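So you can see what is in the structure, the chains are spelled out below.
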Amino acid sequence: MCILVSMGSTRPAMTPERIEQISNLILDNPTWNRSRLSQELCELWDWKGENGQPKDISCRDVLRALDAAGKIALPKPLTRGRPAGSSDRAALMEHDMTPIDASLRELLPLAVDVVTEKRSLMEFKSYIEQFHYLGYDRSIGENIKYFVSDRQGRRLACLMFGSAAWSCEQRDRHIGWDRERRKTALKYMTNNVRFLVFPWVTSRFLASHVLSLICRRISDDWQAKYGHPVYLLETFVELERFRGTSYKAANWKLVGITAGMGRNSKTGIVGELPLKYIYVYPLHKRFREKLCGRESP
């Protein structure tokens, strides 16, 4: 069974004392908005990510949950928030779809770029929304997006890595995880949630080569963005649509098949969602020791 949900860093326990502290902060500062409250609380509780940045977005999620439960009374939001579970809006754009039919040798060397600029992010969302069968869904928690281009600067593909599956029996058995260690070590994994070679691009071995390039650099990219490495990659490949050929060619290991459950399951019934192959790729030769706590991350 696999449960695909976002899992952030451990949050401070919401004790009665902390809830009272929040209420007093709200009463003493009636002009503060929700963002200011979350920032001040992160400072008070020293709640920061490994990159040293305050976890104010996570703090705001906690505040909204406490407000909904009637534990505190938050000030009204300044803007109307996005409904829970909704997707980022992907503005559709026009893209150059001139056919590219070439050998891998003719395309090399490839350029792999992390998506950081606003314009590039808009383009990324548009590509995924229009040409990936799952479309674009909002990226929750730590994530990295990539564009891949050929030596002429023509874009060939894009990929997104995000939160690892919270619970996955076959994967957890492969790693050697118990429930408690998984809670603390899950952030050292990431899930390849989207991989799109553009449909007008035809090049044998391109997809597996792209995966190999990403595997060589993604841990360093994660370290630069979030202040910690990743030691294991995972992905889930629908049985009815794909065979996972590119992942196998890039030396990813098949460790099992899901039971058809996930974060989008409405009833919790096994088999409600499409079955998927579970592939993993280790980024460290001692990934089990790193993820199981037998060696300091």
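**Quick word on the overall build of the protein chain**
For the protein chain, the helix and strand inventory stands at 10 helices and 11 strands. For the protein chain, the residues scored as buried account for 44% of the 297 residues in total. Considering only residue pairs separated by 6 or more positions, the protein chain has 71% of its internal contacts joining residues 24 or more positions apart. Carbon together with sulfur atoms contributes 49% to the accessible area of the protein chain, which is approximately 16,600 Å² in total.

**Some details on the environment of Cys59**
If you trace the backbone, Cys59 turns up in helix H3 (residues 56–68). Taking the relative accessible area as the measure of exposure, Cys59 reaches 1% and is therefore buried. In sequence terms Cys59 and Leu37 are 22 residues apart; their C-alpha atoms lie 9.0 Å from each other. The contacts of Cys59, once residues within four sequence positions are left out, are Ser38, Leu41, Cys42, Trp45 and Trp47.

**Points about the packing of aromatic side chains**
Here the structure, examined in full by the defined rule, presents 15 aromatic pairs. On the basis of an interplanar angle of 75° and a centroid distance of 5.8 Å, the ring pair of Tyr127 and Phe147 is categorised as edge-to-face. Note that Tyr127 is positioned in helix H5 (residues 118–131) and Phe147 in strand S4 (residues 144–149), a separation of 20 residues in sequence. Of the residues examined, Tyr127 reaches a relative accessible area of 7% and is grouped as buried. A ring pair is formed by Tyr133 and Phe242, whose centres lie 5.6 Å apart and whose planes are at 55°; its orientation type is tilted. Highlighted residues: Tyr133 in the loop between H5 and S4 and Phe242 in the loop between strand S9 (232–238) and helix H9 (245–249), separated in sequence by 109 residues. On the basis of relative accessibility, which here comes to 33%, the residue Tyr133 falls in the partly exposed class. Cluster of aromatic residues (ring-pair linked, three or more members): Phe124, Tyr127, Phe131, Phe147, Phe198 and Trp200. Above the ring of Phe147, the side-chain terminus of Arg155 is found at 3.8 Å from the ring centroid. Positioned above the aromatic ring of Trp166 is the side chain of Arg182, whose terminal nitrogen or guanidinium carbon lies 4.6 Å from the ring centre.

**Here we look at the packing of helix H1 (residues 16–28) against helix H2 (residues 34–45)**
At a closest axis distance of 11 Å, the pairing of H1 and H2 adopts a crossing angle of 135°. It follows that H1 is oblique to H2 by the angle criterion. Note on packing geometry: the crossing formed by H1 with H2 is right-handed. Side by side, H1 and H2 meet where Arg18, Gln21, Ile22, Leu25 and Ile26 of the first sit next to Leu37, Glu40, Leu41, Leu44 and Trp45 of the second. When the residues that make up the contact of H1 with H2 are grouped by side-chain class, the tally is seven nonpolar, one polar and two charged.

**Examining the sheet that holds strand S11 (residues 276–282)**
The seven strands are arranged S3-S4-S5-S7-S9-S11-S10 in an open sheet whose pairing can be described as mixed. Each end of this open sheet is capped by a strand with a single partner; those strands are strand S3 (111–114) and strand S10 (253–257). Here the average twist between neighbouring strands, direction ignored, is 30°. As paired elements, S3 and S4 share four bridges and run antiparallel to each other. Bridging from a neighbouring strand, Val112 pairs with Val148 of S4. Packing of H5 onto the sheet brings it into contact with S4, strand S5 (155–162) and strand S7 (189–197), and relative to S5 it is tilted by some 95°. On top of the sheet, helix H8 (residues 206–226) reaches S3, S4, S5, S7, S9 and S11; it is set at about 140° to S4, its chief contact.

Definitions and limits used
- Residues numbered from 1 in each chain as written.
- Predicted model: local features only at pLDDT ≥ 70, side-chain atom pairs only at ≥ 80, totals over all residues.
- Heavy atoms only, no water.
- Helix = DSSP H or I, 4+ residues; strand = E, 2+ residues; numbered from the N terminus.
- Buried < 20%, exposed > 50% of the residue type's maximum accessible area, 1.4 Å probe, protein only.
- Contact = heavy atoms within 4.5 Å.
- Areas by Shrake-Rupley, 256 points an atom, 1.4 Å probe, with all protein chains shown as cover.
- Phe/Tyr/Trp six-rings, centres within 6.5 Å; stacked < 30°, edge-to-face > 60°.
- Lys NZ or Arg CZ within 6 Å of the ring centre and 35° of its normal.
- Axes fitted to C-alpha atoms, helices over the stretch in contact; angles between N-to-C directions.
- Parallel < 35°, antiparallel > 145°, perpendicular 65-115°, else oblique.
- Left-handed = near helix turned anticlockwise from the far one by under 90°.
- Nonpolar A, V, L, I, M, F, W, Y, C, P; charged D, E, K, R; others polar.
- Pairing = 2+ DSSP bridges.

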